[in-house]
Amino acid sequence: MSLPSMPETAAGRAGLAAILADPARAVLALDFDGTLAPIVTDPQDARARPEAVHALARLAPRLAGVAVITGRPAADAVRFGGFESVAGLEGLTVLGAYGAERWDAADPVVRAPEPPAGVADVRAELPAVLAASAAPQGTWTEDKGRALAVHTRRAATPDEALDRLRAPLYALAERHGLVVEPGRMVLELRPPGADKGAALTGYVHERGATAVAYAGDDLGDVPAYDAVEALRREGVPGLLIYSAPETATESVEELRTGADLRVTGPAGLAAWLEALADEL
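Residues numbered from 1 in each chain as written. Predicted model: local features only at pLDDT ≥ 70, side-chain atom pairs only at ≥ 80, totals over all residues. Heavy atoms only, no water.

I'd like a rundown of the overall build of the protein chain, residues and numbers included.
Of regular secondary structure, the protein chain possesses nine helices and twelve strands. A compact globule built from 280 residues would reach a C-alpha radius of gyration of about 19 Å, and the protein chain, at 18 Å, matches this within 12%. Its C-alpha atoms put the protein chain at 55 × 40 × 35 Å along the principal axes. In the protein chain, once contacts between residues fewer than 6 apart in sequence are set aside, the share between residues at least 24 apart is 68%. Averaging the positions of the 26 positive and the 40 negative side-chain charges in the protein chain gives two centres separated by 1 Å. (Helix = DSSP H or I, 4+ residues; strand = E, 2+ residues; numbered from the N terminus. Rg over C-alpha atoms; globule rule 2.2 N^0.38 Å. Contact = heavy atoms within 4.5 Å. Lys, Arg positive; Asp, Glu negative; His and termini not counted. Charge placed at Lys NZ, Arg CZ, Asp CG, Glu CD.)

Spelled out as structure tokens, the structure:
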């Protein structure tokens, strides 16, 4: 087998074996930022690595389904991923806003319910909350339409800035019926009821898959990891891949310890996916 690295766990090896044995009944799902695209200072500058898109285009025709599951709006993931009209990705699905939005290459219209009123209320109040909390210079807000994300990556001390804002942002979200999704140097205020685990489970069942692989890099991917574990208990073999950051201090412990296979960031994942395509 020519894969550059193999799963370290028995469950992961069983998941990979099931994918290789019957790829037409296997699903591959992946996060976007930090997994297909490198983490950048400004999320609007994120772009999927071309070699990762190339690998997905080779894999997708051989699998039961390929899905990108992201906290981004689906349209942004499609645009920044360069997924539209790519030969081989005619069956790609993008589940944005943690599964609340859906885009299918076969019917390229984003479908989503209207966001709850709490999102507009938080949008209106957030500047005053940040000012009252003395948000450090470099803190900035990303409006995702269905959610508001407060980033501290540009601050002089990002972790300290995030700690300062944590309590007021959680209180703001709670007042308006939203939840907070923590990530690497970001806190996202979004509607409840959607997460990557539910999105992944629904997609696996929709495709009638008998094996699944999921790749992620951040706290928002923990529910997807949990979903793969639950599917394993139902008899669906699964492979959990961690797109580990190059900086050890940014590692997510829940993913690092729960993964079957670790690769180094989007470049490492792209190389592994290309090798998997070679195997198939």
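After that view, the rundown keeps rolling.
So, the nonpolar core: which residues are in play, and what are the values?
Judged by nonpolar contacts, the single largest core of 45 residues is most densely connected at Leu36 and Trp272. Counting residues per element, this core draws most heavily on helix H9 (residues 265–279), at seven residues. Apart from residues lying up to four places away in sequence, Trp272 is in contact with Leu3, Pro4, Ser5, Leu16, Leu239, Ile241, Leu261 and Val263. In terms of nonpolar packing, the next biggest core, distinct from the first, is built from 26 residues, Val27, Val228, Tyr242 and Val252 among them. (Core = buried A, V, L, I, M, F, W, Y, C linked by side-chain atoms within 4.5 Å. Buried < 20%, exposed > 50% of the residue type's maximum accessible area, 1.4 Å probe, protein only.)

Please set out the packing of helix H6 (residues 196–206) against helix H7 (residues 222–233) residue by residue, giving values where relevant.
Closest axis-to-axis distance for the H6/H7 pair is 7 Å, and the angle between their directions is 40°. It follows that H6 is oblique to H7 by the angle criterion. In this structure, the crossing between H6 and H7 has a hand that is right-handed. Residues Lys196, Gly197, Leu200, Thr201, Val204 and His205 of H6 form the contact with H7, whose participating residues are Pro223, Ala224, Ala227, Val228 and Leu231. Looking at the contact of H6 with H7 residue by residue, the class counts come to seven nonpolar, three polar and one charged. (Axes fitted to C-alpha atoms, helices over the stretch in contact; angles between N-to-C directions. Parallel < 35°, antiparallel > 145°, perpendicular 65-115°, else oblique. Left-handed = near helix turned anticlockwise from the far one by under 90°. Nonpolar A, V, L, I, M, F, W, Y, C, P; charged D, E, K, R; others polar.)

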